[in-house]
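# Fold and contact review
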Amino acid sequence: MRRNFAQILKDAQIDIKMEYQKLYGMLYDRSIQISNMNRISAYDELSERFIDFYFRGTCLSIDEFNNMHGFHFEKEPSDFNIDHLVSLCEYIYNMLMAYQGVQGSMGYGYMTGMHAPINVQFYFMQINQIIEEIGYMQANEDGITIFIEKCPAAIAVAESDLIPTNLSYRLISYHHYAMKGNIEAKKTVLVQLASILEAKRGDLIKVDKVLESDLFYIFNNLNIRHNNISAEDPGKYKAYVAQMSTENLEKWYDEAYQMCLLAFLELENIDRKVEFDQLKREIEK
């Protein structure tokens, strides 16, 4: 049986809860001394500069922003899991990216001899080390950074010439914690992948007929490309699929995603196989 990600991290002796609590303290503890009588937290300083952050929208304070977007961090979260750590890393990282931009516009820097209260680079270094330790990687879109599990297969496919640029980010971020339970977002990615694979279906049949058959069965019968859950369309209706729980349907969407990655890798291997066969012929002469 496959181990889940939490089990793998436990075996690697990575204490994700301890890393979360250290970051929590770095954000909220009032440890930054700005005068003999005054200490502030990184959160206090971010709050002070928040009005100039590029992503604030119409929010007038960091607290309003947090309430609008559901950013509420606790020192001891109930039902703690790795998503709490990743979410806090993303929050601090993006806040500091905006803060760094504001500080730069105010003239802070080595050339002026002035220094911002928050040692931004130290925070970045700490977060990057945590992300590396837990086997995650950085992804960026529209000036916002997220952290996702490293998946060599997903990265390889996202970089493929078969994948359009506007799909690459969504392909890599499919397993981001924010996508959990978001059936429609996952379905959208699968529909786009199905469309690309449809054009390559003949090649896929040649290299892996079973995978092609199974994958397109999922596309056509699990409410991805067709409405399989409405009895008003008897030609497409599948009673079993209509009665599936959301959790079970999402599980099979995730399996379809993995099968798509395999299909693209097998398609990319076609040209490699030609070169490899030539290599074999040269060696065996």
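In this text, all values refer to a predicted model and were calculated from it rather than measured experimentally.

Viewed as axis vectors pointing N to C, helix H9 (residues 183–199) and helix H11 (residues 209–221) meet at an angle of 135 degrees, and their least axial separation amounts to 11 Å. Judged by the angle between their axes, H9 and H11 are oblique. Once H9 is placed against H11, the crossing between them reads as left-handed. Contacts from Leu 190, Ala 194, Leu 197 and Glu 198 of H9 reach H11 at Leu 215, Phe 216 and Phe 219. Residues that form the contact of H9 with H11 fall into these classes: six nonpolar, no polar and one charged.

This part is about a negative patch on the surface. Taken together, the side chains of Asp 161, Glu 268, Asp 271 and Glu 275 define an acidic patch exposed on the protein surface. Mapped onto the elements, Asp 161 comes out in the loop between helix H7 (152–158) and helix H8 (165–172).

Estimates place the volume of the second largest pocket at around 510 Å³. Around the second largest pocket, the lining comprises 20 residues; the ones closest to its centre are Phe 71, Asn 94, Ile 144, Thr 145 and Ile 146. Elements with a minimum of two residues in the lining of the second largest pocket: helix H4 (62–69), helix H5 (82–105) and strand S4 (144–149). Considering every element that reaches the lining of the second largest pocket, the biggest residue donor is H5, with five residues. Class assignment of the residues belonging to the lining of the second largest pocket gives a composition of 11 nonpolar, six polar and three charged.

The subject of this paragraph is the environment of Ile 62. Within the fold, Ile 62 resides in helix H4. Judged by relative accessible area, Ile 62 falls into the buried class, the value being 3%. Placed 15 residues apart in sequence, Ile 62 and Ser 47 show a C-alpha to C-alpha distance of 5.6 Å. Filtering out sequence-adjacent residues up to four positions away, Ile 62 remains in contact with Tyr 43, Leu 46, Ser 47, Phe 50, Tyr 91 and Met 95.

Interaxial distance between H11 and helix H13 (residues 246–284) falls to 10 Å at its minimum, and their mutual angle equals 140 degrees. In terms of axis orientation, H11 runs oblique to H13. The handedness of the crossing between H11 and H13 comes out as left-handed. When H11 is examined against H13, the residues Leu 211, Asp 214, Leu 215, Ile 218 and Phe 219 are found in contact with a partner set consisting of Ala 256, Met 259, Cys 260, Leu 262, Ala 263 and Glu 266. Among the residues forming the contact of H11 with H13, the class breakdown is nine nonpolar, no polar and two charged.

Glancing now at the pairing of S4. Note that strand S3 (residues 136–141) and S4 share six bridges and pair antiparallel. Counted as the bridge partner of Asn 140 is Thr 145 from S4.

Turning our attention to H8. Among the residues of H8, those classed as buried are Leu 167, Ser 168, Tyr 169 and Leu 171. Where H8 is buried, its residues contact S3, S4, H7, H9 and H13.

Take the pattern of salt bridges next. Evaluated as defined, the whole model comprises 13 salt bridges. Here Glu 282 ties to Lys 285 by a salt bridge, and the two come within 3.4 Å at their closest N and O atoms. Residue classification places Glu 282 among the partly exposed positions, given a relative accessible area of 42%. Since its relative accessible area comes to 77%, Lys 285 is described here as exposed.

A surface patch of nonpolar side chains, about 260 Å² in accessible area, is lined by Tyr 54, Met 97 and Ile 144. With respect to the secondary-structure elements, Tyr 54 resides in the loop between helix H3 (42–49) and H4. For Tyr 54, a relative accessible area of 48% corresponds to the partly exposed category.

The description of two aromatic rings rests on the distance between their centres and on the angle between their planes. This structure, assessed with the given rule, holds 18 aromatic pairs. Ring geometry for Tyr 93 versus Phe 124: centroids 4.7 Å apart, planes at 40 degrees, classification tilted. Here the residue Tyr 93 occupies a position in helix H5, and Phe 124 occupies one in helix H6 (residues 120–133), the gap between them amounting to 31 residues. Judged by its relative accessible area of 7%, Phe 124 falls in the buried class. Three or more aromatic residues joined by ring pairs make a cluster, and in this case those are Phe 50, Phe 53, Tyr 54, Phe 55, Phe 65, Phe 71, Phe 73 and Tyr 91. Its end group placed over the ring of Trp 252, Lys 251 keeps NZ or CZ at 3.9 Å from the ring centre.

In this fold, Gln 258 is placed in helix H13. Each C-alpha atom, one on Gln 258 and one on Ala 154, is 8.6 Å from the other, the two residues being 104 residues apart in sequence. Within the local environment of Gln 258, its side chain forms a polar contact with the side chain of His 175, the two groups lying 3.2 Å apart.

Criteria and cut-off values
Residues numbered from 1 in each chain as written. Predicted model: local features only at pLDDT ≥ 70, side-chain atom pairs only at ≥ 80, totals over all residues. Heavy atoms only, no water. Axes fitted to C-alpha atoms, helices over the stretch in contact; angles between N-to-C directions. Helix = DSSP H or I, 4+ residues; strand = E, 2+ residues; numbered from the N terminus. Parallel < 35°, antiparallel > 145°, perpendicular 65-115°, else oblique. Left-handed = near helix turned anticlockwise from the far one by under 90°. Contact = heavy atoms within 4.5 Å. Nonpolar A, V, L, I, M, F, W, Y, C, P; charged D, E, K, R; others polar. Patch = residues over 30% accessible without salt bridge, like charges linked within 9 Å, V, L, I, M, F, W, Y side chains within 5 Å. Areas by Shrake-Rupley, 256 points an atom, 1.4 Å probe, with all protein chains shown as cover. Salt bridge = Lys/Arg side-chain N within 4 Å of Asp/Glu carboxyl O. Lys, Arg positive; Asp, Glu negative; His and termini not counted. Charge placed at Lys NZ, Arg CZ, Asp CG, Glu CD. 1 Å grid on protein atoms, 1.4 Å probe; cavity = no way out; pocket = protein on both sides within 12 Å on 5 of 7 lines; lining within 4 Å. Points joined across faces, edges and corners; volume = space filled by probe spheres on them. Buried < 20%, exposed > 50% of the residue type's maximum accessible area, 1.4 Å probe, protein only. Pairing = 2+ DSSP bridges. Phe/Tyr/Trp six-rings, centres within 6.5 Å; stacked < 30°, edge-to-face > 60°. Lys NZ or Arg CZ within 6 Å of the ring centre and 35° of its normal. Polar contact = N/O pair within 3.5 Å; in protein donor to acceptor, adjacent residues only side chain to side chain.

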